[in-house]
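In case you want the letters, here they are:
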Amino acid sequence: MNLVPSLPIPYPDPMPLPAPVWLLRTLLLLTFFLHVLFMNCLLGGTTIALFCAMRRKSSEFCARLAADLGRILPTVFAFTITIGVAPLLFLQVMYGQFLYSSSILIGVPWLAVIGMVIVAYYGVYFFSMKFVETKTDGQRKTGATVVLGLVVVVLAGIAFIYSNNFTLMLRPDRWLSLYRHNVGGWNLSWTEPSLLPRYLHFVLSAFAVSGLALIVLSLRRQEAGYRQWLMDQGFLLFAGATTLNFGVGFWFLAKLPSALRLAFVGGNGLASALLGLGFLLPLAGIAHLILAKSRKSSNRQIGIGIGCGLLTVATMVGMRDVLRNLTLAPYFNLSQLPVSPQWGIIALFVVLFVAGLATLYYMLRKVAIASRIQAAAGESLQ
């Protein structure tokens, strides 16, 4: 199906969708939301760990946080990769002709992501082993810090490649000219006006979510001084990154084509509502965390603030989906794809998905308990 025959858009897969569109979109949004949480914690967490590792000699709390993050980040990395498979598959099922085309156009960096992920994965484990487990060898800790710096650069590069691909898949009007310019798979979307604000919006979101993660981490620490320091740093990171993201978000909106921009400012009810929520929810989160600080760590206010932050992420995931469908509307309509539900397979997927979430929760509890025990042992030795 190509609503604009003059553009080189491949036909969709002739096989019918294995589930109704509404169900596939729901699963896409749900799995992508979970993936985004871990992905943001990974990028933001490695950057925070790098900064703290560099300041370990001048700040005891920084050294302790770098060690705490070193214990957690390998697990976060594993969950990021594992949970990221599902939304990518759902995206390919529904928008395959667009995603595959853009992936071919940037084929070299897109395939390089595999090697980059492997390098970053080993780098995170190297940092965890050399920095966390090494007690006195400053040279080894310095080497681990250098490796973590490489990890941060690689992860930022992976995020940039993904932003390129998911931006380019929405611009079939540029595919032919890009292919003629370079047939070797190096067509990154450097000239796309919305690419840079889109990428920066993601990076700042990673720091905001990581700020919330620091607040959660503080609630699981016993020492009052370290606990309060973690909460203060998490609040500053969340509030600062969120405030900057307001400006980047409006920049992103301004760089969209006029028809899409108007859809988010009143032209489309759902898009406008999501934009409003995306503006109000983070403000509510900041306000409740300020109240928590003024009341000396009111757990209720902290919980509401964290909840507002998570709802903000969910809202952004919804806005991303709406933007994708509005952008592709002139070329493609999901409702016109043939559907032949395979309810047995869908039921099996739902059962396995719920079991996977339960397993994930169980593993996170075990990791949290082990991390708390290790942190307590480390505090007792200091």
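Structure report, in brief.

Next up on the list: helix α1 (residues 21-54). With 34 residues, α1 extends 49 Å from end C-alpha to end C-alpha; this agrees with the ideal 50 Å at 1.5 Å per step. Most of α1 is tucked away, with 24 of its 34 residues classed as buried.

Next up on the list: the pattern of salt bridges. Counted under the stated rule, the structure contains 10 salt bridges. Arg 71 is paired through a salt bridge with Asp 68; the nearest N and O atoms lie 2.7 Å apart. Taken as a pair, Arg 71 and Asp 68 lie in helix α2 (residues 60-105) at a separation of 3 residues, close to a single helical turn. Here Arg 71 matches Asp 68 in class, with each residue buried. For Arg 221, the salt bridge identified is with Asp 68, shortest N-O distance 3.4 Å. Of this pair, Arg 221 sits in the loop between α6 (195-218) and α7 (224-255) while Asp 68 is found in helix α2, placing the two residues 153 residues apart along the sequence. Since its relative accessible area comes to 4%, Arg 221 is described here as buried. A single salt-bridge network, built from bridges that share partners, covers Arg 171, Asp 173, Arg 174 and Glu 192.

On to the packing of α6 against helix α10 (residues 299-328), then. Between two packed helices, what matters for the description is the angle formed by their axes and the separation of those axes. The N-to-C vectors of α6 and α10 enclose an angle of 155°; their axes lie 11 Å apart at closest approach. Taken together, the axis directions place α6 and α10 in an arrangement best described as roughly antiparallel. Seen along the crossing, α6 lies across α10 with a hand that is left-handed. Contacts from Arg 198, His 201, Val 209, Leu 212, Ile 215 and Val 216 in α6 reach Ile 302, Ile 306, Gly 309, Leu 310, Val 313, Met 316 and Arg 320 in α10. Class assignment for the residues of the contact of α6 with α10 results in 9 nonpolar, 2 polar and 2 charged.

Conventions adopted
Residues numbered from 1 in each chain as written. Predicted model: local features only at pLDDT ≥ 70, side-chain atom pairs only at ≥ 80, totals over all residues. Heavy atoms only, no water. Helix = DSSP H or I, 4+ residues; strand = E, 2+ residues; numbered from the N terminus. Expected span 1.5 Å × (residues − 1). Buried < 20%, exposed > 50% of the residue type's maximum accessible area, 1.4 Å probe, protein only. Salt bridge = Lys/Arg side-chain N within 4 Å of Asp/Glu carboxyl O. Axes fitted to C-alpha atoms, helices over the stretch in contact; angles between N-to-C directions. Parallel < 35°, antiparallel > 145°, perpendicular 65-115°, else oblique. Left-handed = near helix turned anticlockwise from the far one by under 90°. Contact = heavy atoms within 4.5 Å. Nonpolar A, V, L, I, M, F, W, Y, C, P; charged D, E, K, R; others polar.

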